[in-house]
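# Structural characterization, general
Here are the chains, one letter per residue:
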Amino acid sequence: MNVKRSKTNKNNRTKTDDMAEGLVVSHLGKSLAVETADGDVVLCHTRRRLGLMTVGDRVLWEPTEGNLGLIVKLLPRVSLLSRPSGNSKSRPVAANLDQVLVVFSARPRCDLLLVDQYLVNCENHSIKALLVYNKIDLDIKDQQLEFALDLYHRIGYEVLPISAKSKFGLGQFKRTLKNRTSMLAGQSGVGKSSLTNAVLPDKNLKTGTLSHSSHHGKHTTTTAKLYNLPDGGRLIDSPGVSVFGLSNISAADLAYGYREFQDYIPHCKFNDCRHLDDKGCAVVAAIDHGKIEISRYDRFRKLRSKLVTNAG
Ligand code: GDP
Ligand code: ZN
């Protein structure tokens, strides 16, 4: 698909009439590729005062000279994932995500600390998280993993068993993606690319075509891109998982990110309870009463000690 020539002011319409809503689908250097309501893609410039924008952002834009557009307004976001970028600043990576699908497998072995870390980030950004257990065709019995999955399920996370190879569970996977904006996360080798290819057979990337036609292709490889799914819905493909790290997470965020702690945290005796060996800790009491599973709490402590190391 080619970049659409933006409409001129034929009918003496005012500038405001020319404004239209669009969706940012990729970065191309300093410009943004914006998908219009008609499904075309226009290369838009933006104004510094509007702040940094990213894939998934909804904007108002107006046509300018030479087939281009100008973004005039950033519409309110429902969610935003950022990554740290020096000087304690952060850069937005994906906006308006409805859900993150945390992909893992038995081989490579599932790193539960990493899974928890993704979930903590999602809890803190109010983004729904689901677990996708890929490669079940391998039929590997792993008691520790099965126990962990059962626990995730009990605390309210949906677990989808799937195989990109045998296609088992692919229908359910597609239904989960339908009409939502999603992102896949997970360690390398678990099958994220395979799953992406399974739902985007021809990677009908408007952004890909756009970058090609405007000779800005070299800019597109390192940033996130938004793909339209054939059955409705969108998938944001983001290289790297740094957005899900711990650098933007405080100790309090971390505890909150363990969703089964949330009901107990307000009942700790002290507001600044660390939920370690603190007096009157309601989280620790809940573990003693069998309300919180010790394995998740142990992982909370491990991640917490990493936070302290990060800070120091
Ligand atoms: P990514 O790094 O998460 O994007 O993982 P890839 O999609 O590149 O997959 C890593 C390896 O796992 C490749 O060799 C895939 O062929 C393989 N793989 C992906 N999905 C499955 C699956 O469902 N079953 C099996 N047995 N292998 C898979
Ligand atoms: Zn506490």
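Everything below is about the structure printed above this text.
Below is a short write-up of the structure. Counting restarts for each chain: residues are numbered from 1 in the order of the written sequence. Throughout, the order in which chains and ligands are written sets their labels, letters from A for the former and numbers from 1 for the latter. Predicted model: local features are reported for residues with pLDDT of at least 70 only, side-chain atom pairs are reported and counted for 80 or more only, and whole-chain, interface and lining totals are derived from all residues. Hydrogens and water molecules were not included; the side-chain quantities draw on all heavy atoms of the structure.

## A look at unusual backbone geometry
Here the bond from Arg107 into Pro108 is cis, since omega is -5 degrees, no more than 30 degrees from zero. The way it works is that DSSP assigns letters per residue, a run of H or I at least four long becomes a helix, a run of E at least two long becomes a strand, and they are numbered from the N terminus. Tracing the chain through its elements places Pro108 in the loop between strand S8 (99–105) and helix H2 (112–124). Although it is not a glycine, Lys135 adopts a positive phi angle of roughly 65 degrees. Within the secondary structure, Lys135 sits in the loop between strand S9 (128–134) and helix H3 (143–154). Relative accessibility under 20% of the residue-type maximum defines a buried residue, over 50% an exposed one, and the middle range a partly exposed one, all with a 1.4 Å probe and only protein chains included. What makes Lys135 partly exposed here is its relative accessible area of 24%. A positive phi is found at His275, a non-glycine position, where the angle reads about 60 degrees. Tracing the sequence through the fold places His275 in the loop between helix H7 (251–257) and helix H8 (282–288). Judged by relative accessible area, His275 falls into the buried class, the value being 6%.

## What to know about the side chain of Ser105
Mapping Ser105 onto the fold places it in strand S8. Of note is the side chain of Ser105, whose polar atom sits 3.2 Å from the backbone oxygen of Pro108. We call two residues contacting when some pair of their heavy atoms lies within 4.5 Å. For Ser105, the residues in contact, after removing those within four places along its chain, are Cys110, Tyr133, Asn134, Lys135 and Val190. Any pair of nitrogen or oxygen atoms within 3.5 Å is treated as a polar contact; in protein, a donor-acceptor pairing is required on top of that, and neighbouring residues in sequence qualify only through side-chain atoms on both sides.

## Brief notes about the coordination of the zinc ion (ligand 2)
Reference values for coordination geometry: four tetrahedral donors around a metal ideally subtend 109.5 degrees, six octahedral donors ideally subtend 90 or 180 degrees. Metal sites are built from N, O and S donor atoms within 2.8 Å, or 3.2 Å for Na, K and Ca, and they leave out water, so they may look incomplete. Note on the zinc ion (ligand 2): its protein donors are Cys268 (SG), Cys273 (SG), His275 (ND1) and Cys281 (SG). The metal-donor distances range over 2.1 to 2.4 Å. Every geometry call rests on angle ranges, with four donors termed tetrahedral when all angles are between 85 and 135 degrees, four termed square planar and six termed octahedral when opposite donors are over 155 degrees apart and all others are between 65 and 115, and everything else termed irregular. Here the zinc ion (ligand 2) is ringed by four donor atoms whose angles at the metal span 104 to 114 degrees, and the overall shape comes out tetrahedral. Spacing between the donor residues of the zinc ion (ligand 2) along the chain follows C-x4-C-x1-H-x5-C. Pair noted here: Cys268 is in the loop between H7 and H8 and Cys281 is in the loop between H7 and H8, with a separation of 13 residues, a long-range link. In this pair, the class of Cys268 matches that of Cys281, namely buried.

## Overview of the packing of helix H4 (residues 170–177) against helix H5 (residues 192–199)
Two quantities define a packed helix pair, namely the angle between the axes and the distance from one axis to the other. Axis lines are fitted to C-alpha atoms, over the contacting stretch for helices. Their N-to-C directions set the angle, which ranges from 0 to 180 degrees. Where H4 contacts H5, the axes come no closer than 11 Å and their chain directions differ by 80 degrees. Judged by the inter-axis angle, H4 sits roughly perpendicular to H5. Contacts between H4 and H5 involve Leu170, Phe173, Lys174 and Leu177 from the former and Leu195, Ala198 and Val199 from the latter. Residue polarity is assigned by list, with Asp, Glu, Lys and Arg as charged and Ala, Val, Leu, Ile, Met, Phe, Trp, Tyr, Cys and Pro as nonpolar; anything else, Gly included, falls into the polar class. Per-class residue counts for the contact of H4 with H5 are six nonpolar, no polar and one charged. Relative orientations are named as follows: roughly parallel for angles under 35 degrees, roughly antiparallel for angles over 145 degrees, roughly perpendicular for angles from 65 to 115 degrees, and oblique for any other angle.

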